Amino acid sequence: MKTLLFGLAIPLLAVAQIASVDLTAPTAGYRFDAESQSLRSIEGVPGAASLGEAMALGVALESVWIAPSQRLAFGVAPGGTTLVRVGLDGATASGEATEIPAGEVFYSPGSQAMAVRAGSRLEIWTGLASSPQRLASLEIDEGVAGVAVSDDGHAVTGLRDGVLLRLSESGPVELATGVRAAAFLNDTHDLLLVQDGALVLLPKLDGDRREELAALGEASQLRLSADGSKVLLAAGSKLLVMPARGGEAVAVEAGGAVHSLATANGVAFQVALTDGRLYLLDAGEGPPTLSLVDSLREGGVQ
Amino acid sequence: MMRRMMPLVLGALLVMPCFGQIRNNAGFNTNSIPANDDGSAPATTLGFTINFFGRQRNVVFVNNNGNVTFDSALATFTPFGLNNVSREIIAPFFADVDTRNPASRLVTYGNDTVNGRPAFGVNWVDVGYYNAKADKTNSFQLVLIHREDTGPGNFDIEFNYSRITWETGDASSGTNGLGGVSASAGWSNGSGLAGTSYQLPGSLIPGSFLDFGPYSLSRGRTPGASSGQSGRWVFRGREGAILEALTMLTGCPIPNAASGQPYNFRFSASGSRPPYRWALVADPEFPNPGLAMSSAGVLSGTLNTPGEYPFTVRVEATDEGEVVSVTRRCQITVDPPVISFRTNAQLPPAAVNTRYEARLAAQGGAGPFRYATVSGGVPGLQLNADGVLAGSPTEPGSWPVLIAARSDVQGAVPARKQFLVNVQPADLQLRSSCPLPNATGGVPYTARLEARGGFGPYRFKPVGQLPPGLVLQPNGVLEGQPTTPNWWPFEMEIEDMHGKTARAGCGLVVLYPEIRVSSACPLPEATSGAAYSQTLSAAGGAGPYTWSVVGGSLPMGLRLSSTGALTGTPLTPGNASFRLKVTDSRGQTAAAGCNVAVRQGSYALGSCPLPDAVAGEPYAHRIFATGGAEPYRFAEAQPLPGGLRISADGSLSGTLATAGTFPVALRVTDAAGRVTTRSCDLKVQPQALRLTNACPLPSGDLGVAYSTKLTAAGGVEPYTFSSGALLPPGLRLGTDGTLAGTPSAAGYLGLLITVADRGNQRTTQLCELPVELPAFPDLKVTGLPASLAPATAGPRVSAELAAPYQLPVEADLVIEVEPETGQPSPEVNRADPRLRFSTGQRVLPVTIAAGQRVASPAAQIVNTGTVASKVTVKVTNVRAAGIPFGKEASAVARVPRLAPVLTNVCYIPGTGGFDVEVTGYSTTRELVSADLTFGQNTYFVRLTDASQEFFSTEDAARNGGTFRVRANYRLSQANPQTLGQGTAVVRNTVGAAASRPIARCQ
């Protein structure tokens, strides 16, 4: 076969070959443990899981925000001024310094982008899986909370006193009122809201195309599954599971007041109660099931 | 005109002779360009089509000035470089050709064949230069040969040269055809892109192309050309491009080598067709200096002798079936070694009178190296030829030493370096042994302290407190009279003559002085029958003192207390000798003999006071007399109390039945018949009060009526009974001693009994009352089904009695798990540790309340685990009121062996491939295989060996039957970012998991 000076290569046949196979113990997600200033993995699968020991990150952290993909996290070391990036792979983890200024982290649903908030400054970073790049830097009102960012980093919202704002370099724009929680759907600018007791979809942030998906009562927390197909809502001690773009909602009793929701692998969620119990909720095939993982020490709940 | 025509005609009729490599094909002379300067022939067909860098060309413009073009005629006369032009041009010799001089021939061209292949040739033979000069002429030729045999549009280009004697026209700054902007040669497609042009080395460099120039065209040839034909340059146009000829890129001479050091250098080439094959060529004029050339072009070896070593190197390639090569003479210079020291100038520190050794190391060229001292040195250290500086330094200080290193390698440059050794004085410290010899309190003491290290003489100074009574002199003498026995540590400061100080600690023990008996012996005289009292004394040691008689005996009637009081009434005269022992508070003892004389006292009966008797118990006491003549005879002077009698030798004995005080009157008669009497009171104490019941008391039963009577003896009746706070629940104790009631607690119960007599004498006794439990009913475990689904919340289990019990029943619920994976290896066949109660343990204490049957709340098994197992829940350690019943019950469930269950399957795209993650559990703790399907392709993965290894690990044991399989795939073409949906099926020895779609992981 000739290779010509112009470099006109003849296409090769397409072949996929297995380069390696390895077996390890599974993890369903991670929790921050304030006592050890490290992360603990949730070992096992929903229905058979337990909390592992503190992981050796190589650095002590006083705050950590774990990405929905459960494959990386960003945290702050005591006295640190920049974020530490932590790569997660099963039972192993490793930390490395970054130049991203320290602040509270809000992830996009696909873990591809994040918003980092320090005071009135909000920085948007993309390319989290490989090499984070700063996309934008916004000045926001310090009263804005509940920041949500899309996977491409170009759409950012926040909440202030129940008002949903679109945040950009040209200033905030009011989108809706009576909002208690908001989250973007994977790879889109479609936004899910908990608004006036209902689950609402705003396709492409367009209020004129507002679509009410379900009645929720007093739900105040909203979380998407890691694969973006299901949404979990919490209202007191009651949990609601439904498809992300609407459908039948299934209620599950948590057995205690819900403190926080977090994602786990696939279509599973982490549910932490105010009494320290941690559960995994499997929203996969069949009715959702809740299984106890462990009881966390005070301060260990994220 | 006539003159112009002739060359054309002649060119048409004559067969051109062959000059150098110029082909003498007649067809190349078919046409001619009339004598001209800067002219061109009309567009001419090649007779075949060539692919010139993608353009199909079959028409060419023959230009007078040593080139042909394909786009349009070129009249330019001053040559330009061919690597950055916008013309399609092939130029064997681009210069200002001028054929107007009659001595110059014309430029001719036309079609012919070369080696049977169609060809188009252009001859510039014997052509002159501008301005119409022909004192020097050049002969060169361009031939384009159609090579359709290798592919459509392929062709060869030949530049053939016979004679090059001029290089520049007058209009290009040339002088007599030389200098100025000299000729260029090569080709270009005019795009300026890499690989689309070529310029022969020497282009535009005056003098280069001339016959004897450094880049002579008539004597050079295409680098790598297979034939030895100088003056012919061949280029191959293949598939629209012109291949670069084989070229040796490495210049000569190559980098120097160091004598005795391994050498390694890679040659490089380009062009033609790799792979290249390198070799050193046998050259009689330049034999191989001892290096090796690998076929990959690496020249290596070790040369020990400095000098210059020429050699000949060749590179070959195989190009369209023929071998092409380039050979070049080259040279390598071997530098003589320069020796240097690797060792730092500051050698490790040394200390006076301490063994020292430092090893020097040199480098540069091949060893061995020889070392020698040039100047300086360290007192006490010697340097040997191997570079070892050793010995024991005798003087402190900073000592420079200049040392040289040499080798026997010819031309090696020796090294010299000055090293420095710091020799520290020995550490200043105390030399004396500590602790010092013991001192004794009150005894003069002297000891001398000594130091070493640093620089003497030394001065001593105490730091803090010394032993009381001692002083430390500056010369180290510790002296005085210690006053206080104790262990006395102390500190001192030692200073040498340079003022350097060091602290040291020491100590000594000051002993107690020896103990002795200080009382004067004999003791003062005693009188029989008269009271006597003396206090003994001791000195030394540490009080208080304890006295005893260790030999002989004291006079009868005297006794010695432990405090040293000798008291009593001696009964008989005489001398008594005895040995005294005194012991101080530290156990130190002293002994001394002593004696006391007892002289005769007046005659008397010594009987009062009489010691007390106890009613009902035997009484005995010896009566003595003093002052008379023995033997004495005793008798009663009045009737003695009932039960008491006196013998003639003075033994008063008997048993008195009644308590009280009774007079005892006695009479004694000595040997002389003299009689004396005396009366004393005898006090008879009542018998001690006590309980007479046996303990423990007779047992009772829980909840059954009970009664028993307590009794007492001694003291004076009547008796009154009472109990303290310790009384078995459900019972009462009456004052008459009746213990009755219905026990409401079981066990070995304690009660405290107090009895008082009429005289309010009291005694208290602790006794036990055993109360036994009623019969215990049967019990069982409830709530455990026969089968447990894996990875689910477990059932709520409990213990249940066949009938309620009167007391709270305590027990332990215990989970026992026995793995049943079917795996023979014990490392794999392990139970899931997650199968436990919600407390995190496998043992849970439970209580069944009194009167109930079931323990409440039921115990939650938090997780059924993911391993096939036999699960046994037992109720054990059953007890009530702390008393075990020895009863147990159990129930059994099973987590079955199942096909794998998948909980999550997804893929992660990466560079050149993707990872698939399959998560789930296998209750058999083994996997056989997995099928992963994307589109039409199914990839089978065997997992038997990997799962056997994984499930044997401790990490896997902690996680039961759960697993994560990660398979990494490499793709050559498909974009891993857009794999779309797939499915996964995983198998174990039981069966296959349900197929599950594979989506992209987030």
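The structure presented is a predicted model; accordingly, all values stated were derived computationally and were not measured.

### A word on the overall build of chain B
- From N to C terminus, chain B includes 3 helices and 82 strands.
- The 1002 residues of chain B split such that 46% are buried.
- Put simply, 62% of the contacts in chain B that link residues at least 6 apart link residues at least 24 apart.
- As displayed, chain B has an accessible area near 45,600 Å², and 52% of this comes from carbon and sulfur atoms.

### With respect to the overall build of chain A
- Summing up its helical and strand segments, chain A has 0 helices and 28 strands in all.
- In chain A, 37% of the contacts between residues at least 6 apart in sequence involve partners at least 24 apart.
- Working note: accessible area of chain A is about 12,800 Å², and carbon and sulfur atoms make up 49% of it.

### Concerning a nonpolar patch on the surface
- A surface patch of nonpolar side chains, about 230 Å² in accessible area, is lined by Leu726, Leu752 and Leu766 of chain B.
- Among the structural elements, leucine 766 of chain B can be located in strand E67 (residues 762–772).

### Digging into the pattern of salt bridges
- Applying the stated criterion to the full structure yields 51 salt bridges over all chains.
- A salt bridge links arginine 966 of chain B to aspartate 89 of chain A; the shortest N-O distance between them is 3.1 Å. Of this pair, arginine 966 of chain B sits in strand E80 (residues 962–971) while aspartate 89 of chain A sits in strand E7 (residues 82–89), each in a different chain.
- By relative accessible area, which is 15% here, arginine 966 of chain B ends up buried.

### Observations concerning the interface of chain B and chain A
- Contact with chain B, which involves 49 residues of that partner, is made by 39 residues of chain A.
- Counting the surface lost from both chain B and chain A, the interface buries some 3,700 Å², and carbon and sulfur atoms represent 55% of this.
- Between chain B and chain A we count 4 salt bridges in total.
- When the shortest N-O distance is used, the salt bridge between arginine 71 of chain A and glutamate 917 of chain B registers 2.9 Å.

### Points about the confidence of the model for chain B
Residue and element names in this part refer to chain B.
- Confidence in the prediction of chain B, expressed as mean pLDDT, is 88, and 95% of residues score 70 or more.
- Counting interchain partners and residues more than four positions distant, the pLDDT-below-50 stretch residues 1–19 has 20 contacts.
- In the model output, the complex is listed with pTM 0.47 alongside ipTM 0.86.

### A short note on the sheet that holds strand E17 (residues 179–184) of chain A
Residue and element names in this part refer to chain A.
- Ordered by their spatial adjacency, 4 strands build an open sheet running E17-E18-E19-E20, and the pairing between neighbours is antiparallel. One side of each edge strand has no neighbouring strand; the edge strands of this open sheet are E17 and strand E20 (211–215). Recorded for the sheet is a direction-independent mean angle of 20° between the axes of neighbouring strands.

### Points about the sheet that holds strand E4 (residues 48–54) of chain A
All names here are of chain A.
- With antiparallel pairing, 3 strands are arranged side by side in an open sheet as E2-E3-E4. Of all the strands in the sheet, just strand E2 (27–33) and E4 have a single pairing partner and so form its edges. The mean angle between the axes of side-by-side strands here comes to 25°, regardless of whether they run parallel or antiparallel.
- For strand E3 (residues 38–45) and E4, the ladder comprises 5 bridges, and the chain directions are antiparallel. Opposite glycine 44, over in E4, you have alanine 49 as the bridge partner.

### Brief notes about the state of the cysteines
Residues and elements named next belong to chain B.
- All chains considered together, the criterion is met by 3 disulfides over all chains.
- With a sulfur-sulfur separation of 1.8 Å, cysteine 434 is cross-linked through a disulfide to cysteine 506. In this structure, the disulfide formed by cysteine 434 and cysteine 506 twists by about -110° around the S-S bond and is classed as left-handed. Linking cysteine 434 in the loop between strand E32 (429–430) and strand E33 (439–440) with cysteine 506 in strand E40 (residues 501–511), this pair joins segments that are 72 residues apart in sequence.
- Accessibility expressed as a relative area gives 37% for cysteine 434, which makes it partly exposed.
- Judged by relative accessible area, cysteine 506 falls into the buried class, the value being 8%.
- Two residues, cysteine 695 and cysteine 767, share a disulfide whose sulfurs are 1.6 Å apart.

### Here's the deal with the confidence of the model for chain A
All names here are of chain A.
- Here chain A shows a mean pLDDT of 85. Residues at 70 or above account for 91%.
- Residue range residues 1–15 is modelled with pLDDT below 50. Its contacts to residues more than four positions away, or to other chains, number 16 contacts.
- Across residues 297–302, where pLDDT falls below 50, the model places 18 contacts with residues more than four positions away in sequence or in other chains.

### So, the pairing of strand E30 (residues 397–407) of chain B
All names here are of chain B.
- With 7 bridges connecting them, strand E27 (residues 369–376) and E30 associate as antiparallel partners. Note that in E30 the partner of glycine 376 across the bridge is valine 401.
- In terms of strand pairing, E30 meets strand E31 (residues 415–424) through 9 bridges, oriented antiparallel. Across the sheet, residue glycine 397 finds its bridge partner in E31, namely valine 423.

### Points about the packing of aromatic side chains
Residue and element names in this part refer to chain B.
- This structure, assessed with the given rule, holds 26 aromatic pairs over all chains.
- Ring plane angle 45° and centroid distance 6.4 Å describe the contact between tyrosine 109 and phenylalanine 120, whose orientation is recorded as tilted. Placement of tyrosine 109 in strand E6 (residues 107–114) and of phenylalanine 120 in strand E7 (residues 117–129) is noted, with a sequence separation of 11 residues between them. Considered together, tyrosine 109 and phenylalanine 120 belong to a single accessibility category, that of buried residues.

Analysis parameters
- Residues numbered from 1 in each chain as written.
- Chains lettered and ligands numbered in written order.
- Predicted model: local features only at pLDDT ≥ 70, side-chain atom pairs only at ≥ 80, totals over all residues.
- Heavy atoms only, no water.
- Helix = DSSP H or I, 4+ residues; strand = E, 2+ residues; numbered from the N terminus.
- Buried < 20%, exposed > 50% of the residue type's maximum accessible area, 1.4 Å probe, protein only.
- Contact = heavy atoms within 4.5 Å.
- Areas by Shrake-Rupley, 256 points an atom, 1.4 Å probe, with all protein chains shown as cover.
- Patch = residues over 30% accessible without salt bridge, like charges linked within 9 Å, V, L, I, M, F, W, Y side chains within 5 Å.
- Salt bridge = Lys/Arg side-chain N within 4 Å of Asp/Glu carboxyl O.
- Buried area = accessible area lost by both parts, 1.4 Å probe.
- pLDDT = per-residue confidence, 0-100.
- Pairing = 2+ DSSP bridges.
- Axes fitted to C-alpha atoms, helices over the stretch in contact; angles between N-to-C directions.
- Disulfide = S-S within 2.5 Å.
- Phe/Tyr/Trp six-rings, centres within 6.5 Å; stacked < 30°, edge-to-face > 60°.

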